[in-house]
Amino acid sequence: MTTIAFIGSGHIGGTVARLSVAAGYDVVLSNSRGPETLKDLVAELGPRARAATPAEAAAAGDLVVVSIPLRAYRDVPVEPLAGKPVLDTNNYYPQRDGNLPQLDDGSVTSSELLQQHLPASKVVKVFNNIFFAHLGALHRPAGASDRTALPIAGDDAAAKETVTAFLDAIGYDATDAGPLAEGWRFQPGTPVYGNPYAGDQPNLSASPGVPAGAAKIRAGLDAATRQR
Ligand SMILES: NC(=O)c1ccc[n+]([C@@H]2O[C@H](COP(=O)([O-])OP(=O)(O)OC[C@H]3O[C@@H](n4cnc5c(N)ncnc54)[C@H](OP(=O)(O)O)[C@@H]3O)[C@@H](O)[C@H]2O)c1
């Protein structure tokens, strides 16, 4: 039995937790304020869910989703995540996160920064480019003609395979964007950031969500490379 753990259980973490429980996984949720503040979400998710501290969640998870404001990345527990796939949903918004010089000068991507903090973990960047409401709406069974694809990036091939299988189980295809250094190709401001899943309409949150398959996501990733 695979347990999915969450460091951060807000819009994106909570949505991935709902999809995980629907797919039959056990989930362990955590946030900054303590397990008791997650009791409503645990009650909604039912017997497959429990809440814990970030360190306890990190220890319990076979796969661990880190979904917090990027400014807090140094708070992510290091030792209990050693050897594990860590799914990094985080995006860099300087106006929210403050300025991080390594990101401002482009010397590393945001997921490489998390990987530096977690040297013994296998960071895979995923769920970064889709609005949480669209993520909650666009899941489809394997083989569906309108299945949506999500880009992933990572330096560990086995971890990417694990994440691809997890995405498949919760209703999504994966499009491999390459190593973590290529993760910028689906960061804020790129063609595949939010837009494909909103049918390219400018008011993203007003869209109910539009399926976007692997060909569309691949074309957007390639466009980012050409535009650089
Ligand atoms: N919203 C989206 O549609 C979307 C889409 C793609 C990617 N993202 C990215 O994914 C990340 C999460 O976004 P979100 O919208 O889900 O944010 P959110 O709704 O504000 O949730 C953030 C979660 O992180 C927790 N948290 C904050 N600081 C923490 C810490 N030091 N240790 C442990 N947990 C901590 C919060 O817990 P407390 O409430 O207890 O502080 C909360 O559960 C961000 O980097 C965002 O840019 C968001």
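Residues numbered from 1 in each chain as written. Predicted model: local features only at pLDDT ≥ 70, side-chain atom pairs only at ≥ 80, totals over all residues.

A.B. asks: Can you tell me about the overall build of the chain, naming the residues and giving the values?
C.D. replies: Each helix and strand counted, the chain has 9 helices and 8 strands in total. On C-alpha atoms alone, the chain measures out to a radius of gyration of 16 Å, which is about the 17 Å that the 2.2 N^0.38 rule sets for 228 residues. Along the three orthogonal principal directions, the C-alpha set of the chain runs to about 45 × 40 × 35 Å. Here the contacts in the chain between residues at least 6 apart in sequence split such that 64% fall between residues at least 24 apart. (Helix = DSSP H or I, 4+ residues; strand = E, 2+ residues; numbered from the N terminus. Rg over C-alpha atoms; globule rule 2.2 N^0.38 Å. Contact = placed C-beta atoms within 7 Å.)

A.B. asks: Tell me what's going on with the nonpolar core, and back it up with residues and numbers.
C.D. replies: Counting 64 residues, the largest nonpolar core has L29, V64 and L87 as its most contacted members. Not counting residues within four places of it along the chain, the set of residues in contact with L29 comprises F6, S9, A17, L38, L41, V42, A49, A51 and A57. (Core = buried A, V, L, I, M, F, W, Y, C linked by C-beta atoms within 7 Å. Buried ≥ 20, exposed ≤ 12 C-beta atoms within 10 Å, placed from the backbone.)

A.B. asks: Give me the site of the ligand: which residues, what numbers.
C.D. replies: Within the structure, the ligand sits among 25 residues, and G8, G10, H11, N31 and R33 are positioned closest to it. No other element matches helix α1 (residues 11-22), which puts 3 residues into the shell around the ligand. Of the residues belonging to the shell around the ligand, the class tally is 10 nonpolar, 13 polar and 2 charged. (Near = placed C-beta within 6 Å. Nonpolar A, V, L, I, M, F, W, Y, C, P; charged D, E, K, R; others polar.)

A.B. asks: Outline the sheet that holds strand β6 (residues 122-125), listing residues and values.
C.D. replies: Strand order in this open sheet of 8 strands is β3-β2-β1-β4-β5-β6-β7-β8, and the pairing throughout is mixed. Either end of the sheet is taken by a strand with one partner, and the two such strands are β3 (49-51) and β8 (173-176). Averaged over all adjacent pairs, the angle separating strand axes in this sheet is 25°, with direction ignored. As defined by bridge partners, strand β4 (residues 63-66) adjoins strand β5 (residues 85-88) across 3 bridges and the pair is classed as parallel. Across the sheet, V66 pairs through a bridge with D88, a residue of β5. Strand contacts of α1: β1 (3-7), β2 (26-29), β3 and β4, with the helix running at about 160° to β2, the strand carrying the most contacts. (Pairing = 2+ DSSP bridges. Axes fitted to C-alpha atoms, helices over the stretch in contact; angles between N-to-C directions.)

A.B. asks: Kindly report on the pairing of β4, identifying the contributing residues and their values.
C.D. replies: Here β4 shows no split at all, with L63 and V65 on one side and V64 and V66 on the other all buried. With 4 bridges connecting them, β1 and β4 associate as parallel partners. The partner of I4 across the bridge, within β4, is L63.

A.B. asks: Describe the environment of A224, and please don't skip the residues or the numbers.
C.D. replies: Position of A224 among the secondary structure elements: in helix α9 (residues 214-227). Look at A224 and you get buried, because 20 C-beta atoms sit within 10 Å. Remark: the alpha-carbon pair of A224 and H117, spanning 107 residues in sequence, is separated by 27 Å.

A.B. asks: Run through unusual backbone geometry, naming residues and quoting values.
C.D. replies: Phi at F127 takes a positive value of approximately 70°, unusual for a residue other than glycine. Mapped onto the fold, F127 is located in the loop between β6 and α7 (132-137). Backbone geometry places D200, a non-glycine residue, at a positive phi of 60°. Relative to the helices and strands, D200 is located in the loop between β8 and α9.

A.B. asks: Lay out α1 in plain terms, naming residues and giving numbers.
C.D. replies: Across its 12 residues, α1 extends 17 Å between first and last C-alpha, which sits within 8% of the 16 Å expected from 1.5 Å per residue. If you check which residues of α1 are buried, you get I12, G13, G14, T15, V16, A17, L19 and S20. (Expected span 1.5 Å × (residues − 1).)

A.B. asks: How would you explain the UniProt feature "domain: Pyrroline-5-carboxylate reductase catalytic N-terminal" (unreviewed entry) in the chain if you had to name every residue and give the values?
C.D. replies: Here the UniProt-annotated "domain: Pyrroline-5-carboxylate reductase catalytic N-terminal" (unreviewed entry) positions come out as residues 3-91. Across residues 3-91, helical content stands at 29% and strand content at 22%; the span's end C-alpha atoms are separated by 24 Å. (UniProt positions renumbered as here; feature names shortened; annotations may be inferred.)

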